[in-house]
Amino acid sequence: GELANAIYHVYQSHCRGHDHHNNCKHCDKGFLLQEGKCVETCSLEFPYESDGQCFKYRYIGCFRDRITARDMVSQRGYRFHDQTSIAVCGDFCKASGSRYFGLQGESQCWCNSKFGRYGISSIENCRETTCTGLSSQYCGGFSHNAVYII
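About the cut-offs
- Residues numbered from 1 in each chain as written.
- Predicted model: local features only at pLDDT ≥ 70, side-chain atom pairs only at ≥ 80, totals over all residues.
- Heavy atoms only, no water.
- Helix = DSSP H or I, 4+ residues; strand = E, 2+ residues; numbered from the N terminus.
- Buried < 20%, exposed > 50% of the residue type's maximum accessible area, 1.4 Å probe, protein only.
- Contact = heavy atoms within 4.5 Å.
- Areas by Shrake-Rupley, 256 points an atom, 1.4 Å probe, with all protein chains shown as cover.
- Core = buried A, V, L, I, M, F, W, Y, C linked by side-chain atoms within 4.5 Å.
- Disulfide = S-S within 2.5 Å.

Draft legend 1. Focus on the overall build of the chain. The helix and strand tally for the chain stands at two helices and 10 strands. Each of the 150 residues in the chain was classed as buried or not, and the buried ones make up 44%. Counting only contacts in the chain whose residues sit at least 6 apart along the sequence, the fraction spanning at least 24 positions is 56%. When the accessible surface of the chain is split by element, carbon and sulfur atoms take 51% of a total near 8,200 Å².

Draft legend 2. Representation of the nonpolar core within the structure. Formed by 17 residues in total, the largest nonpolar core has its most connected members in Cys93, Phe101, Leu103, Cys109 and Tyr148. When contributions to this core are tallied by element, the ones reaching two or more residues are helix H2 (86-95), strand E7 (100-104), strand E8 (108-112) and strand E10 (144-149). At four residues, H2 tops the list of elements feeding residues into this core. Ignoring anything within four residues of it in the chain, the contact list for leucine 103 reads Thr84, Ser85, Ile86, Cys89, Gln108, Cys139, Gly140, His144, Asn145, Ala146 and Tyr148. Of all hydrophobic cores here, the second largest spans six residues; its members include Met72, Tyr100, Trp110 and Val147.

Draft legend 3. Broad picture of the state of the cysteines. The full count for this structure, using the stated rule, is seven disulfides. Residue pairing for cysteine 89: its cysteine sulfur links by disulfide to cysteine 109, the two sulfurs lying 2.0 Å apart. Judged by the torsion about the S-S bond (85°), the cysteine 89/cysteine 109 disulfide is right-handed. One end of the pair, cysteine 89, is in helix H2; the other, cysteine 109, is in strand E8, and 20 residues separate them in sequence. The residues cysteine 89 and cysteine 109 share a single accessibility class, namely buried. Sulfur-sulfur distance for the disulfide between cysteine 93 and cysteine 111 comes to 1.9 Å. Classification of the bridge connecting cysteine 93 and cysteine 111 rests on its S-S torsion, roughly -70°, and on that basis the disulfide is left-handed. Taken together, the residues cysteine 93 in helix H2 and cysteine 111 in strand E8 connect sequence positions 18 residues apart. The exposure class of cysteine 93 is buried, given its relative accessible area of 0%.

Spelled out as structure tokens, the structure:
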């Protein structure tokens, strides 16, 4: 309705730049980026604030992986192609009963109840790619999982 359109307009007016899905990439100072929209405070659904953004799941760290023997492959892996985001992967892995999930290479989503057999790495290695569905979010790196807890 009119109220929803008015609220959308207010938050979009604080947006600085959009991606190819029309999601906001950056917000004015004093606003947080939440799933492609600028907000004043994080919602209850996306309570974890980090680097000026609101997230649904809490980040644990960046962990090494091997293509020949995946770290998180034992339960479920999926590629969402152009729809990948932290929330999309987390929701998918939550529904499969996993405790953790990892994002890698802009669109790979890995679910498991354990991780880390190849060791932790620096955060920069998990900021090599952005998510295909929400380019304001980092989606891991090349042979590196950005791991979150569900």
